[in-house]
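So the chains spell out like this:
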Amino acid sequence: MVVEAPIRNDIDEIMPGVIADRRHLHEHPELGFQEHKTARLVAERLESLGVEDIRTGINKTGVTGLIRGTAGGGEGKVVLVRADMDALPIVEENAVEYKSHHDGVMHACGHDAHTAMLLGLARVLTERRDQFAGTVKVLFQPAEELPPGGAKGMIAEGVLNEPHVDAVFGLHVAQEEAVGTIHVGAGPVMAAADRFSIHIKAKGGHGAAPHDCIDPIAVGAQIVSSLQTLVSREVDPIRHAVVSVCTFHAGNAFNVIPDTAELSGTVRSFDPDVRDLLQDRIAALATGIGAAMRAKVEVTYDRGYPATVNDEAMTAIVRDAATAVVGADRVHTKKPQMGAEDFSYFLLERPGCFFFVGSKNEAEGLVWGHHHPRFDIDEECMTAGIGTMATTVLNFLEQA
Ligand code: NI
């Protein structure tokens, strides 16, 4: 059984360093696959901690390292903990001393905090090597915000093998939840996010002579209406899905029927078969309506990140760890949300859990949501994040 109090003391001791790292990263944000300085800082920190087998340049800027426990004589399981490192193309509007130095680039999703927390975790664990058996692999990933994302390529380069990883854990700060709380749930917690575009080729002409034309706007309007029946009439009502048409471009003049129209939108789902159904039916409905209305319709469907699905046993380990660290009244069941996350690729390969660390502080005005130019977190959330992750990892290795 892991003793929580000493972990808490360790973390309190390292928090000034964790906060300094987070602020440095916040000042120097880098976009997906361009995290060169971030990766260098990560590698330097890991090296100074004595982390073994540090590898850099994985899928461009990814970094991994191993922390081997000495309690089991080299035996034991391998657990991977992942942080994402990338920032967003957003102009920061915060007036803080650690404001972004890079014009138009901002850590507006908290990945600076994720990176700083994982470095803090590495520090806690390297100081406790003699207290656990097994290996912790720390993984710093590029480009979570930039589909197809950084996770898939790192997996393709073998980060889950040599040594074989048994379980995977990750976290995200949650600006919609109060600081000091942890949110964790089994099963699907984030959606699969796909995009589609629909090209309608019709026949333009004078707006006063529709009978000589095939109106792509009328065809597009039918398609938009029909797509709304997919979720309401074809998806099992106890399962969740979203189909949103978000762009509709056609025409330039009030009295000219255009030749073409372009639509695009997003599809969110949790179950693979709902995802398959929507992909098939969007194409069938759109092309069918086109045929019925004498237009030629082409549909492109691009699959984005799959749903993030947590393993039940791994989720129980996180929930117990969170309860030990922040108290049962501050641990909540995570409701599934329609956003997407490429940690899902790790969860397709290994059992694991992705959980959420409340970071909002209304009294301090830290209330702006993810991807907002005024996004900022209560840095105290990182204590709960590191504590929960450290306890999770140690309890997993002990149970293994
Ligand atoms: Ni994010």
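As shown above, the structure is provided for reference.
This structure is a prediction, so every number in the text was calculated from the model and none was measured.

Enquirer: Provide a residue-level description of the overall build of the chain, including the pertinent values.
Expert: A count of helical and extended segments in the chain gives 9 helices and 16 strands. Taken over the C-alpha trace, the chain has a radius of gyration of 24 Å; the compact-globule value for 400 residues is 21 Å, and the two agree within 12%. Overall, the C-alpha framework of the chain stretches about 80 × 45 × 40 Å when taken along its three principal axes. Here the chain holds 400 residues, and the buried ones make up 53% of them. In the chain, of all internal contacts separated by at least 6 residues, the share reaching a separation of at least 24 is 82%. With the model as given, the accessible surface of the chain reaches about 17000 Å², and the carbon-plus-sulfur share is 51%.

Enquirer: Please provide a residue-by-residue account of empty space enclosed by the protein, values included.
Expert: All told, the structure shown has 1 cavity of 30 Å³ or more when counted by the stated rule. Counted as a void, the largest cavity has a volume near 80 Å³. If you trace the largest cavity, you find it lined by Val 81, Arg 82, Ala 83, His 114, Met 117, Leu 118, Leu 121, Leu 171, Gly 385, Ile 386 and Met 389. Residues of the lining of the largest cavity, tallied by class, amount to 8 nonpolar, 2 polar and 1 charged.

Enquirer: Which residues make up the pattern of salt bridges, and what values do they have?
Expert: Tallied over the full model, the rule gives 22 salt bridges. For Arg 45, the salt bridge goes to Asp 21, with nearest N and O atoms at 2.6 Å. Of the two residues, Arg 45 is situated in helix 2 (residues 36-49) and Asp 21 in helix 1 (residues 4-27); the sequence distance between them amounts to 24 residues. Exposure remark for Arg 45: the relative accessible area of 32% places this residue in the partly exposed category. Take Asp 21: its relative accessible area is 8%, and that puts it in the buried class. Through salt bridges with shared partners, a single ionic network connects Arg 22, Arg 23, Glu 97, Asp 112, Asp 376 and Glu 379.

Enquirer: Would you mind going over the coordination of the nickel ion in detail, with residue names and values included?
Expert: For the nickel ion, every protein donor is listed as Cys 109 (SG), His 111 (NE2) and His 172 (NE2), and the spread of their distances is 2.1 to 2.4 Å. The sequence pattern describing where the donors of the nickel ion fall on their chain is C-x1-H-x60-H. Of this pair, His 111 sits in helix 3 (residues 111-126) while His 172 sits in strand 5 (residues 167-178), placing them 61 residues apart in sequence.

Enquirer: Just give me the short version of the side chain of Asp 194, but keep the residues and values in it.
Expert: Relative to the assigned elements, Asp 194 resides in strand 8 (residues 192-201). According to the relative accessible area criterion, Asp 194 is buried, its value standing at 2%. At a separation of 2.7 Å, a polar atom in the side chain of Asp 194 contacts the side chain of Arg 275. In this structure the side chain of Asp 194 is engaged in a polar contact, spanning 3.0 Å, whose partner is the backbone nitrogen of Gly 304. The residues touching Asp 194, leaving out its near neighbours within four places in the chain, are Gly 265, Thr 266, Val 267, Arg 275, Tyr 301, Asp 302, Arg 303 and Gly 304.

How each quantity is defined
Residues numbered from 1 in each chain as written. Predicted model: local features only at pLDDT ≥ 70, side-chain atom pairs only at ≥ 80, totals over all residues. Heavy atoms only, no water. Helix = DSSP H or I, 4+ residues; strand = E, 2+ residues; numbered from the N terminus. Rg over C-alpha atoms; globule rule 2.2 N^0.38 Å. Buried < 20%, exposed > 50% of the residue type's maximum accessible area, 1.4 Å probe, protein only. Contact = heavy atoms within 4.5 Å. Areas by Shrake-Rupley, 256 points an atom, 1.4 Å probe, with all protein chains shown as cover. 1 Å grid on protein atoms, 1.4 Å probe; cavity = no way out; pocket = protein on both sides within 12 Å on 5 of 7 lines; lining within 4 Å. Points joined across faces, edges and corners; volume = space filled by probe spheres on them. Nonpolar A, V, L, I, M, F, W, Y, C, P; charged D, E, K, R; others polar. Salt bridge = Lys/Arg side-chain N within 4 Å of Asp/Glu carboxyl O. Donors = N, O, S within 2.8 Å, 3.2 Å for Na, K, Ca; no water. Polar contact = N/O pair within 3.5 Å; in protein donor to acceptor, adjacent residues only side chain to side chain.

All quantities given are derived from atomic positions and should not be read as evidence of function.
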